[in-house]
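Here are the chains, one letter per residue:
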Amino acid sequence: MEQQLEGLPLKRLQQAAEVLSQRYRTEAPTASAHLSTDLAAAAYLAVRFPATFSAVRRAMAETADVYPEFAPATQLDAGSGPGTAALAAGDVWPSLQQALLLEGSGPIRQAGEPLVAASGIAAEWQTGDLASVAINNRFDLVTCAYVLSELSALAQRLLVERLWSATAGVLLLVEPGTPAGWQRILEARTALLQAGAQMLAPCPHAFACPLVSPDWCHFAERVERSRMHRLVKQGDVPWEDEKFLYLAVGRERPVGHGSRVLMRPKINRGLISLKLCNADGSMTQPVIRKRDKSYKHARRVDWGETLDSVLDSER
């Protein structure tokens, strides 16, 4: 991928990356597409693609963990960018064979076509406005990542409805891990549950979210920065944490949901403090001691993963 960035003036890339980052930070609809120029597309590949890919792949891996029998052969991705979600899906589910990628930006599509082709996934790219583009078939896996924030509230609702109608197996939404992103996911969650969707991840239940603002549900994935990434971001730290949140729903509900770990466990003097979202709709914060039978397991669990019901008797 870095070959596509070679020869571009570093200063211009840095400026374009800052503009792009600012647009993502505002999380508000804009008059023009985020990736409407070749330079914006190049900046995305340099600084946003690694983080987006890592977050989407993590969301998919957690979904696969609670739904191991799911093996999608087809995918629809709305707002594909350079094919980020298709590449992540092919990595998590080797069964994936075909993908329909909806992307309105010519520059980012041009950048992504060779990447997806090299993955072995048979991809069809389609341009058009996400609010009106025709979706005539159903797909095993439907994805929409880091897109809802670019749409109006009405367009968000309509898109989620259309994506669910196109879902034969699993629908996955991924958003930035911010309070505003959480609200978008909550609204989509409510609408999808009303439409009959079954909750897969991260929520282990279909009850109302137990978290109360200013708290919000989100996760983090550590991303290793490439040399080009560090140069464009003008940073010396060799990694960054991408905060994200997601919602995976399906036509079928798998048996057995463990509690979801909602923050990085705190370990201090033989005590492990956890924050859990549980299958009964509650949020609890148990403290696990060395003498507890679940201590070794709790030491291995990380933020965003599920904790087995072995803790039920100890809450």
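As the structure is a computational prediction, the values presented were derived from the model and not from experiment.

Draft legend 1. Spotlight on the packing of aromatic side chains. For the coordinates displayed, the defined rule picks out six aromatic pairs. Seen from their ring centres, Phe 70 and Trp 93 are 5.5 Å apart, and the 85° between their planes marks the pair as edge-to-face. Note that Phe 70 is positioned in the loop between helix H2 (38-66) and strand S1 (74-78) and Trp 93 in the loop between helix H3 (84-92) and strand S2 (98-102), a separation of 23 residues in sequence. Across this residue pair, the class does not change: Phe 70 and Trp 93 are buried. Between Phe 244 and Tyr 246, the aromatic rings sit 6.2 Å apart at their centres with planes inclined by 25°, giving stacked as the arrangement. In textbook terms, an aromatic cluster arises when at least three aromatic residues are bridged by ring pairs, as seen for Tyr 67, Phe 70 and Trp 93. Of note, Arg 251 hangs over the ring of Trp 164, and the distance from its end group to the ring centre comes to 3.7 Å.

Draft legend 2. Here's a closer look at the pattern of salt bridges. Taken as a whole and judged by the stated rule, the model has nine salt bridges. It is possible to trace a salt-bridge network through shared partners that takes in Arg 58, Glu 62, Glu 221 and Arg 260.

Draft legend 3. Representation of the pairing of S2 within the structure. For S2, the buried fraction is high: four of the five residues fall into the buried class. Handedness of the crossover is the feature at issue here: the chain leaves S1, passes through H3, returns alongside S2, and the resulting connection is right-handed. Two elements, S2 and strand S3 (residues 122-126), share five bridges in a ladder whose sense is parallel. Its bridge partner being in S3, Ala 99 is matched across the sheet by Ala 123.

Draft legend 4. Spotlight on empty space enclosed by the protein. Scanning the model with the defined rule gives one cavity of 30 Å³ or more in all. Quantified by volume, the largest cavity comes out at close to 180 Å³. Among the residues making up the lining of the largest cavity, the classes are represented as 16 nonpolar, one polar and two charged.

Draft legend 5. Quick look at the nonpolar core. Grouped together as the largest cluster of nonpolar side chains are 80 residues, with contacts concentrated most on Met 60, Leu 76, Leu 163, Leu 173, Val 174 and Leu 192. Not counting residues within four places of it along the chain, the set of residues in contact with Val 174 comprises Val 56, Ala 59, Cys 144, Ala 145, Tyr 146, Phe 244, Leu 245 and Tyr 246. Core analysis: the second largest hydrophobic core is formed by nine residues, Val 261, Leu 274, Leu 276 and Tyr 295 among them.

Draft legend 6. Fine view of the side chain of Glu 175. Considering the arrangement of structural elements, one finds Glu 175 in strand S5 (residues 167-176). A polar atom in the side chain of Glu 175 sits 3.2 Å from the backbone nitrogen of Leu 148. Of the polar contacts made by the side chain of Glu 175, one reaches the side chain of Arg 184; its length is 2.7 Å. Leave out the neighbours within four places in its chain, and Glu 175 touches Tyr 146, Val 147, Leu 148, Ser 149, Gly 181, Arg 184, Ile 185, Phe 244 and Leu 245.

Draft legend 7. Molecular detail of H3. Taking burial as the measure, the nine residues of H3 include seven buried ones, the bulk of the element. Looking at H3, one finds that the buried residues are Thr 84, Ala 85, Ala 86, Leu 87, Ala 88, Ala 89 and Val 92. Its buried side turned inward, H3 meets H2, S1, S2, helix H4 (106-119) and strand S4 (139-145).

Draft legend 8. Spatial organisation of the state of the cysteines. Going through the model one piece at a time under the given rule, you end up with zero disulfides. Left unpaired, Cys 209 is separated from the closest cysteine sulfur, that of Cys 277, by 6.3 Å.

Draft legend 9. Here's a closer look at the sheet that holds strand S14 (residues 287-289). Strand order in the open sheet formed by three strands is S10-S11-S14, with antiparallel pairing between adjacent strands. Two strands in the sheet have a free side with no partner beyond their single neighbour: strand S10 (266-268) and S14. Adjacent strand axes in the sheet meet at a mean angle of 20°, parallel and antiparallel pairs treated alike. Where S10 meets strand S11 (residues 271-273), three bridges bridge the pair, whose relative direction is antiparallel. Within S11, the residue paired with Asn 268 across the bridge is Leu 271.

Draft legend 10. Inspection of the sheet that holds strand S15 (residues 306-307) at higher detail. Spatially, S13-S12-S9-S15 is the arrangement adopted by the four strands of the open sheet, whose pairing is antiparallel. Among the strands making up the open sheet, the edge pair consists of strand S13 (283-284) and S15. Pairing analysis gives two bridges linking strand S12 (residues 276-277) to S13, with the strands arranged antiparallel. Residue Cys 277 lies in a different strand from S13, and its bridge partner there is Met 283.

Draft legend 11. Representation of the environment of Thr 284 within the structure. Examined against the element boundaries, Thr 284 turns out to sit in strand S13. By relative accessible area, which is 24% here, Thr 284 ends up partly exposed. In this structure the side chain of Thr 284 is engaged in a polar contact, spanning 3.0 Å, whose partner is the side chain of Asn 278.

Conventions and cut-offs
- Residues numbered from 1 in each chain as written.
- Predicted model: local features only at pLDDT ≥ 70, side-chain atom pairs only at ≥ 80, totals over all residues.
- Heavy atoms only, no water.
- Phe/Tyr/Trp six-rings, centres within 6.5 Å; stacked < 30°, edge-to-face > 60°.
- Helix = DSSP H or I, 4+ residues; strand = E, 2+ residues; numbered from the N terminus.
- Buried < 20%, exposed > 50% of the residue type's maximum accessible area, 1.4 Å probe, protein only.
- Lys NZ or Arg CZ within 6 Å of the ring centre and 35° of its normal.
- Salt bridge = Lys/Arg side-chain N within 4 Å of Asp/Glu carboxyl O.
- Right-handed = clockwise from strand over helix to strand, strands pointing away.
- Pairing = 2+ DSSP bridges.
- 1 Å grid on protein atoms, 1.4 Å probe; cavity = no way out; pocket = protein on both sides within 12 Å on 5 of 7 lines; lining within 4 Å.
- Points joined across faces, edges and corners; volume = space filled by probe spheres on them.
- Nonpolar A, V, L, I, M, F, W, Y, C, P; charged D, E, K, R; others polar.
- Core = buried A, V, L, I, M, F, W, Y, C linked by side-chain atoms within 4.5 Å.
- Contact = heavy atoms within 4.5 Å.
- Polar contact = N/O pair within 3.5 Å; in protein donor to acceptor, adjacent residues only side chain to side chain.
- Disulfide = S-S within 2.5 Å.
- Axes fitted to C-alpha atoms, helices over the stretch in contact; angles between N-to-C directions.

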